[in-house]
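This is what each chain is made of:
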Amino acid sequence: MKIKTRFAPSPTGNLHIGSIRTALYSWLFARHHNGKFILRIEDTDLKRSDILSLNSILNGLKWLGLDWDEGPYFQSNRLCRYKEVIKLMLNKGDAYVCICSSESLLKLRNKQIKEGIKPRYPGICRNLKINHLLNKNYVIRFKNPLYGKVIFDDNIRGKIIFDNTELDDFIIQRSNGMPTYNFCVVIDDADMNITHVIRGEDHINNTPRQINILQSLGLKIPIYAHLSMILDEERQKISKRKNAINILEYRKNGFLPEALLNYIIRLGWSHGNQEIFNKEEMIKLFNLKSISKSSSIINTKKLLWMNKYYINHLSLNYISDTLCEYMKKENINIKNGPDLISVIKLFSGRYYTLKDMTKSFQYFYEEFSTFDKRIREEYFITDNCLILEKFHKKIASLFCWNCENISIVINNIIIEMKVQKKIVNTLLRIAMTGSTSSPCISSVIYLIGQKKTLSRIQRVISYINNL
Ligand code: GLU
């Protein structure tokens, strides 16, 4: 059997971690089995579907490298097909026209709730053979079996049983003529030969309805695997409308796709105690059996840890190219300073995100002209000016520009002027970077270069002299 999975988001909100996990697991399952992964956009709810959500889906998947073999299919382009099947079902007597008004149904519903009965449509129009629809508002309902059970073997949860008496004749075509989710999904999964439906557990209740339609049409029932919820750090369900973070925000905030995918695969799937998986390993090891039945909880600290891991373990060229994009977005021109790889190496192991790196690397590529009040008050004093003047003089006459010689200059000043090493280093840091902390200062000075070093030192000297 050729495995075929699908990711079928509705473009009604941002693509978030929960939806990406569904996409990732479906993608991995297909890739593991050399099968196919398709992308289907479920956009029949015209009022709630929008282009921004669609872009978030397409760009998010692309960014994470979750490529699809077919699609994107749009349900809105398949309306003729749905109509054709609905006509067939009406003719066969598996579906019927319902003319109950929404007011009467609302009344009925309230009555059922009052009486403690589960609100259901009681099949009022089920046996009325309505042929003349004229201008009347109507919906089309599926004739759900009245008795018996729907049993399916969920690949994550095991056997799930629903009694048909709990289901009702649900709507498959709305009064505006649009077919509904539970109907379209069935026709699509069948037409697209989907073998495995991997999706969130919020769809478990839809599954018996979908199976009943498949059965009435004599179509093959796919294998279902329903994933448990992902909760946020406050243990709240992630929902598109409430607390979901657009996956592309993670990119903006300096997360690497490799780290995010690795973090997401671990939200509910495990392979012993292993934490780090590259894509090839994920494909090789992924299976549905090792997916947990319990909910997973977002852990931002772990995501940061993973991002740091990948920043430090992926190739320097790759990190530098990706970082370069961030710097560009911040309008930092890396041509105005040292080779980015040397800067990354100097800061190795310090950063959790590319965004933080971008901010910290700024002084290598751009001049700055302001200093904190605390720095000005504490360090911009005449004695310190003498240190800087001496340093300027020595640096100006330094013939061979390398880290070692810069260190020697700094040490000579400490000895000659009988000043504390800490003071000298801090002063130089302030002049070169605008702040009191940086990696090894002689390396920073070396990378910034002789000409810029002289001008930055001179600027602080002038600043102090003009106080
Ligand atoms: N369109 C549905 C959603 O976004 C998914 C449907 C499915 O996977 O069956 O929740």
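Here the residue numbering is sequential within each chain, running from 1 through the sequence in written order. Only residues with pLDDT of at least 70 are given local features in this predicted model, and only at 80 or more are side-chain atom pairs given and counted; all residues enter the totals for whole chains, interfaces and linings. Neither water nor hydrogens contribute to the side-chain values; these are computed over all heavy atoms in the structure.

The name that an unreviewed UniProt entry assigns to the chain is Glutamate--tRNA ligase, with the source organism given as Buchnera aphidicola. UniProt positions are given in the numbering used here, feature names are shortened, and annotations may be inferred rather than shown by experiment. Quoted verbatim from the Sequence similarities (unreviewed entry) field of the UniProt record, the comment on the chain reads "Belongs to the class-I aminoacyl-tRNA synthetase family. Glutamate--tRNA ligase type 1 subfamily." Listed in UniProt under the heading Function (unreviewed entry), the comment for the chain reads: "Catalyzes the attachment of glutamate to tRNA(Glu) in a two-step reaction: glutamate is first activated by ATP to form Glu-AMP and then transferred to the acceptor end of tRNA(Glu)."

**Student:** Would you mind going over the overall build of the chain with me for this structure?
**Tutor:** Strands here are runs of E lasting at least two residues and helices are runs of H or I lasting at least four, both read from the DSSP assignment and numbered beginning at the N terminus. The helix and strand inventory of the chain stands at 19 helices and 12 strands. For a compact globule of 467 residues, the expected C-alpha radius of gyration is about 23 Å, and the chain comes in at 32 Å, more than 25% above that figure. With the C-alpha coordinates aligned to their principal axes, the bounding extent of the chain is approximately 105 × 45 × 40 Å. Buried residues in the chain amount to 49% of all 467 residues. Note on contacts: a residue pair qualifies if any of its non-hydrogen atoms lie within 4.5 Å across the two residues. Long-range contacts, defined as pairs at least 24 residues apart, comprise 76% of the intrachain contacts of the chain with a sequence gap of at least 6. Between the two quantities, the radius of gyration covers C-alpha atoms and the globule rule is 2.2 Å times the number of residues to the power 0.38. Burial status follows relative accessibility: with a 1.4 Å probe on protein chains alone, a residue under 20% of its type maximum counts as buried, one over 50% as exposed, and anything between as partly exposed.

**Student:** Can you walk me through the packing of aromatic side chains in this structure?
**Tutor:** Where two aromatic rings form a pair, the distance of their centres and the angle of their planes describe that pair. Any Phe, Tyr or Trp ring, taking Trp's six-membered ring, that has another such ring centre within 6.5 Å forms a pair; planes under 30 degrees apart are called stacked, those over 60 apart edge-to-face, and the others tilted. Under the definition given, this model contains 19 aromatic pairs. Look at Y25 and F286: their rings are 5.1 Å apart centre to centre, the planes differ by 40°, and that puts the pair in the tilted class. Of this pair, Y25 sits in helix α1 (residues 17-32) while F286 sits in the loop between α9 (279-285) and β12 (296-297), and the two are 261 residues apart along the sequence. Measuring from ring centre to ring centre gives 4.8 Å for F347 and F361, while their planes differ by 45°; the resulting arrangement is tilted. With F347 in the loop between α12 (340-346) and α13 (354-365) and F361 in helix α13, this residue pair connects regions lying 14 residues apart in the sequence. For F347, a relative accessible area of 4% gives the class buried. One aromatic cluster is present, built from ring pairs that chain together F347, Y351, F361, Y363, F364 and Y365.

**Student:** When you look at the nonpolar core in this model, what are you seeing that I'm missing?
**Tutor:** Side chains of nonpolar character tend, in soluble globular proteins, to be buried together. Only buried residues count toward a nonpolar core. Its members are Ala, Val, Leu, Ile, Met, Phe, Trp, Tyr and Cys residues joined through side-chain atoms within 4.5 Å. Core analysis: the largest hydrophobic core is formed by 101 residues, its most contacted members being I247 and F361. At 9 residues, the largest contribution of residues to this core is made by α1. When near neighbours in sequence (up to four residues on either side) are disregarded, F361 contacts L323, M327, L340, V343, I344, F347 and Y351. The next biggest cluster of nonpolar side chains, apart from the first, holds 29 residues, and it includes I86, F142, V186 and L217.

**Student:** Is there a simple way to explain the layout of surface pockets in this structure?
**Tutor:** Rolled over the atoms, a probe with the dimensions of a water molecule shows which regions are left empty. Each pocket or cavity is described by its volume, and for the second largest pocket that value is around 320 Å³. Definitions used for this entry: grid spacing 1 Å over protein atoms alone; cavity, a set of points where a 1.4 Å probe fits but cannot get out; pocket, an open set with protein on both sides within 12 Å along at least 5 of 7 lines; lining residue, one with an atom within 4 Å of a point. Along its surface, the second largest pocket is lined by 14 residues, and R251, K252, E325, Y326 and K329 are the ones closest to its centre. Those elements giving two or more residues to the lining of the second largest pocket turn out to be α7 (247-252) and α11 (316-329). Considering every element that reaches the lining of the second largest pocket, the biggest residue donor is α11, with 5 residues. Residues are grouped as follows: Ala, Val, Leu, Ile, Met, Phe, Trp, Tyr, Cys and Pro are nonpolar; Asp, Glu, Lys and Arg are charged; every other residue, Gly included, is polar. A class-by-class count of the residues in the lining of the second largest pocket yields 6 nonpolar, 1 polar and 7 charged. Grid points are joined across faces, edges and corners, and a volume is the space filled by probe spheres set on the points.

**Student:** Is there a simple way to think about the sheet that holds strand β8 (residues 171-173) in this case?
**Tutor:** Strand-to-strand pairing in sheets goes through backbone hydrogen bonds, with the strands running parallel or antiparallel. An order of β4-β5-β8 is seen for the 3 strands of this open sheet, with the pairing classed as antiparallel. Edge positions in the sheet fall to β4 (95-98) and β8, since each of these pairs with one other strand and no more. Neighbour-to-neighbour, the strand axes of the sheet open up by a mean angle of 45°, direction not taken into account. The pairing criterion for strands is at least two bridges between them, as found by DSSP. In this sheet, strand β5 (residues 139-142) lies alongside β4 in antiparallel orientation, the contact comprising 4 bridges. Of the residues in β5, the one forming a bridge with C98 is V139. Where helices are involved, their axes are fitted lines through C-alpha atoms of the stretch in contact, as for all axes, and angles between N-to-C directions lie from 0 to 180°.

**Student:** How should the pairing of strand β7 (residues 158-163) be read in this particular structure?
**Tutor:** When a strand is regular, its side chains alternate between the sheet's two faces. Here strand β6 (residues 149-154) runs beside β7; their pairing, made up of 6 bridges, is antiparallel. Bridge pairing in β7 links F152 to I160. Connecting β6 to the next strand, β7, in antiparallel fashion are 3 residues.

**Student:** Before we go on, may I ask you to explain the site of the ligand in this structure?
**Tutor:** For this purpose, a residue is taken to be near a molecule or strand whenever a single non-hydrogen atom of the residue falls within 4 Å of it. Near the ligand the following residues occur: R6, A8, P9, S10, E42, Y181, V185, R199 and H203. Any pair of N or O atoms that falls within 3.5 Å is considered a polar contact. Within protein, one atom must be able to donate a hydrogen and the other to accept it, and sequence-neighbouring residues count only if both atoms are side-chain atoms. A distance of 2.7 Å separates a nitrogen atom of the ligand from a polar atom in the backbone of A8. Within the side chain of S10, an N or O atom sits 2.8 Å from a nitrogen atom of the ligand. Alone, the ligand offers 300 Å² of accessible surface; in the complex the protein occludes 82% of this. Broken down by class, the residue content of the shell around the ligand amounts to 4 nonpolar, 2 polar and 3 charged. In these tables, accessible area is a Shrake-Rupley quantity obtained with a 1.4 Å probe, and a residue counts as shielded only by the protein chains included in the view.

**Student:** Sorry, what's going on with the environment of N205 here?
**Tutor:** Locating N205 in the fold gives a position in the loop between β9 (196-200) and α6 (207-216). Sequence separation of N205 and E389 is 184 residues, and the distance between their C-alpha atoms is 77 Å.

**Student:** Which parts of the structure should I look at to understand the packing of helix α16 (residues 403-417) against helix α18 (residues 441-448)?
**Tutor:** Packed helix pairs are specified by the crossing angle of their axes together with the interaxial distance, meaning the distance between the axes. The N-to-C vectors of α16 and α18 enclose an angle of 125°; their axes lie 9 Å apart at closest approach. Between α16 and α18, the angle is such that the two are oblique. As α16 packs across α18, the resulting crossing turns out to be right-handed. Where α16 abuts α18, its residues C403, I406, S407 and I410 lie against I441, S442, S443, I445 and Y446. Looking at the contact of α16 with α18 residue by residue, the class counts come to 6 nonpolar, 3 polar and no charged. Oblique is the label for every angle not falling under 35 degrees (roughly parallel), over 145 degrees (roughly antiparallel), or within 65 to 115 degrees (roughly perpendicular). In this scheme the crossing of two helices becomes right-handed for a clockwise turn of the near helix relative to the far one and left-handed for an anticlockwise turn of less than a right angle.

**Student:** Before we go on, may I ask you to explain α6 in this structure?
**Tutor:** Counted residue by residue, α6 has 9 buried out of 10 residues, so it is predominantly covered. Burial in α6 covers these residues: T207, P208, R209, Q210, I211, N212, I213, L214 and S216.

**Student:** Looking at this structure, I do not really get the pattern of salt bridges. What am I missing?
**Tutor:** Any two side chains of opposite charge can pair, so long as their charged atoms come close to each other. Any carboxyl oxygen of Asp or Glu within 4 Å of a side-chain nitrogen of Lys or Arg constitutes a salt bridge here. Scanning all chains against the criterion turns up 27 salt bridges. Between R31 and D69 there is a salt bridge, and its shortest N-O distance comes to 3.0 Å. Of this pair, R31 sits in helix α1 while D69 sits in the loop between α2 (51-64) and β3 (70-74), placing them 38 residues apart in sequence. Several salt bridges share partner residues, and in doing so they unite R6, R40, E42, R78, R81, E84, D188, D189 and D191 into one network.

**Student:** Sorry if this is basic, but what is going on with unusual backbone geometry here?
**Tutor:** Negative phi values dominate among residues other than glycine, just as trans dominates among peptide bonds. Put simply, G71 and P72 share a cis peptide bond, and its omega is 5°. Here P72 lies in strand β3. Unusually for a residue other than glycine, N34 sits at a positive phi of about 55°. Of the residues examined, N34 reaches a relative accessible area of 62% and is grouped as exposed. Although it is not a glycine, N331 adopts a positive phi angle of roughly 60°. Tracing the chain through its elements places N331 in the loop between α11 and α12.

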